[in-house]
Amino acid sequence: MNATPLTQGGNAYNFGFLDEYAKKEVRRAVLKAIAIPGYQVPYASREMPMGRGFGTGGLQLTLALIGPDEVMKVIDQGSDDSVNAVNLRQFIEMTCPGVSTTTKTTGCTLIQSRHRIPELPLTAQQIIVLQVPYPDPLVVVEPSEDKRKTMHGEADYSRLLVKLYEDIVKFDEITISHRYPTRINGHYVIDPSPIPRWDVPKLDDSAALILFGAGREKKIYAVPPHTRAEPLAFSDVPFRVEDFRDGAGQRRACARCGSVDSFLDEFVADSGSKTYQCSDSDWCDGVEASA
Amino acid sequence: MQTESIWRADVQQRVFRELVEAFSRPGEVRDLTRWIDGATAQRAVLATLMDGEATLTDPHEQIAAADWPLLQARRGTPESARYIAAVGHRVPDFQPAMGSLESPEFGATLLIEVAAVGNGALSMDLDGPGVSGRRELRLDGLHPDWLARRMDWVSGFPLGVDLLLFDAKRIVALPRTTRVAITAGAV
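Residues numbered from 1 in each chain as written. Chains lettered and ligands numbered in written order. Predicted model: local features only at pLDDT ≥ 70, side-chain atom pairs only at ≥ 80, totals over all residues.

(A) Fine view of the interface of chain B and chain A. Facing the 38 residues of chain B at the interface are 34 residues of chain A. Elements supplying a minimum of two residues to the side of chain B that touches chain A: helix H1 (9–24), helix H3 (41–49) and helix H4 (67–71) of chain B. Counting residues per element, the side of chain B that touches chain A draws most heavily on H1 of chain B, which supplies eleven residues. The residue inventory of the side of chain B that touches chain A, partitioned by class, reads 19 nonpolar, eight polar and eleven charged. (Contact = placed C-beta atoms within 7 Å. Helix = DSSP H or I, 4+ residues; strand = E, 2+ residues; numbered from the N terminus. Nonpolar A, V, L, I, M, F, W, Y, C, P; charged D, E, K, R; others polar.)

Now the structure itself:
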């Protein structure tokens, strides 16, 4: 064995669950992903003790990165308390003794997230891992992976732009609500995972390293810090984030904390009335506490 | 039997995180001293990245015979291996794999040992992904031909090679996306 695990009293699992060979495979892919921003590096994705589609790609990245002094945050759709986030957090606590977990965005060193980037700007001391269901933005226009790989290599995204154009012809607007195709460092276009449009500008010139893991599709890709990330758009139809203004043009506020500068989830009450609340629960708690 | 620390999983995790930082922030010098005891940075990095799935080549014969069985890496040629260990003061005398348009990750990672990382007569300005504005990097003991050859190797993105430079304890990365402008010290 060229990576001797530390024996742990009472815990039959290796630190981080994965065996050291699996970690090395992920680690080599991560370094290449960082060196080729936006390129989907194939890797030997392992079976995890949860279904594909429940964040196994993100989890393998987390477990290859994590060390005993980590402060870990797990989010699912902005919330630390939804089922998927709680499950993953408990799994990490069980298999990584010594790791501390938190729900606070400040102070954590590693974040695994499903479908949101925290509202609070991340720092250079943090790494965020996003869980990706479908890594390839070209899959909507080209079924063959061989051909997609060539298109990516040549940075040929004309058919994707045609798709966006057809949206504009039909709806006067690009209708992609999430997974918005985003060009990294002027070459590769990535699927930034199902984050809302609201989060796409956070990819650009980020202080933190952003990693993407697709377990079922066996791909890892990255947006390094301080890298250009441009959502695909046209000069006369610019990219727009979600519009949270009501009929009167007033920006809707979170019903709980009153924040007017966060991404809002819409809740429909039994009566049919709608209320809006922050999607990022840590942000909401923070604003409420300081009010 | 006491295992040397670089072969321990917990130390390799630390070294890997330093590698992540190095590749994420080209030109930023990372010091491995506190993690690797008496070992050299190059051995620590090799121990962290190698296993039976990796191909490694050692054209300048830097790797001790006793390390090969532990590294478990398959031996390749400089033209085909995914990882190449090399000595920086020698002239590069091989053509590394640069990957293909479809699979640029097959471009080699060059692990180059130099006299000093972070100080020295060779000075360069870096920019590109991972660099906010510009970053200065100083090196000692890198033959200038490496940077000239690198310019060729990385001219056709996404193809290219990724460099990791070492002295005894410090590492710095120059991934294929980093633009290098030599400001002083090249002969």
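So, next bit.
(B) Seen up close, the nonpolar core. If you look at the biggest cluster of nonpolar residues, it comprises 115 residues, and the most contacted ones within it are Val30 and Ala33 of chain A together with Val45, Leu111, Leu165 and Ile171 of chain B. Each residue touching Ala33 of chain A, except ones within four places of it in the same chain, is listed here: Tyr39, Val41, Ile220, Tyr221 and Ala222 of chain A. (Core = buried A, V, L, I, M, F, W, Y, C linked by C-beta atoms within 7 Å. Buried ≥ 20, exposed ≤ 12 C-beta atoms within 10 Å, placed from the backbone.)

(C) Representation of the sheet that holds strand S7 (residues 188–190) of chain A within the structure. Residue and element names in this part refer to chain A. Spatially, S7-S6-S10 is the arrangement adopted by the three strands of the open sheet, whose pairing is antiparallel. Whereas interior strands pair on both sides, the edge strands pair on one side only; in this sheet they are S7 and strand S10 (229–231). The sheet shows a mean angle of 35 degrees between the axes of neighbouring strands, taken without regard to direction. Here three bridges tie strand S6 (residues 182–184) to S10, and the two strands are oriented antiparallel to one another. Each residue of the ladder has a partner; that of Ile184, found in S10, is Ala229. (Pairing = 2+ DSSP bridges. Axes fitted to C-alpha atoms, helices over the stretch in contact; angles between N-to-C directions.)

(D) The arrangement of the confidence of the model for chain B in detail. Residue-level pLDDT values for chain B average 95, and 99% of them are 70 or greater. For this predicted complex, the interface score ipTM comes out at 0.97, alongside a pTM of 0.96. (pLDDT = per-residue confidence, 0-100.)

(E) Region of interest: helix H3 (residues 83–95) of chain A. Residues and elements named next belong to chain A. In this model H3 runs 18 Å from its N-terminal to its C-terminal C-alpha over 13 residues, within 8% of the 18 Å that 1.5 Å per residue would give. Where H3 is concerned, the buried positions are Ala85, Leu88, Arg89 and Ile92. One side of H3 holds all its buried residues, which, seen down the axis, span an arc of 100 degrees. Pointing more than 90 degrees away from the buried face of H3 are the exposed residues Val83, Gln90 and Met94. Where H3 is buried, its residues touch helix H2 (56–65), strand S2 (71–76), strand S3 (100–101) and strand S4 (110–114). (Expected span 1.5 Å × (residues − 1). Arc of directions from axis to C-beta.)

(F) Examining the packing of helix H1 (residues 20–35) of chain A against H1 of chain B more closely. Between H1 of chain A and H1 of chain B, whose axes approach to 9 Å, the crossing angle comes to 10 degrees. It follows from the interaxial angle that H1 of chain A and H1 of chain B lie roughly parallel. Seen from H1 of chain A, the contacting residues are Glu20, Arg27, Val30, Leu31, Ile34 and Ala35 of chain A; seen from H1 of chain B, they are Ala9, Phe16, Leu19, Val20, Phe23 and Ser24 of chain B. In the contact of H1 of chain A with H1 of chain B, the residues fall into nine nonpolar, one polar and two charged. (Parallel < 35°, antiparallel > 145°, perpendicular 65-115°, else oblique.)

(G) The arrangement of the domain arrangement of chain A in detail. Residue and element names in this part refer to chain A. What the domain assignment lists for chain A is domain 1 (20–141 + 148–231) and domain 2 (250–291). Spacing between the C-alpha centres of domain 1 and domain 2 amounts to 25 Å. Listed as interface residues are 14 residues of domain 1 and, on the opposing side, seven residues of domain 2. Of the residues in the side of domain 1 that touches domain 2, the class split is four nonpolar, five polar and five charged. (Domains from an automatic or database assignment.)

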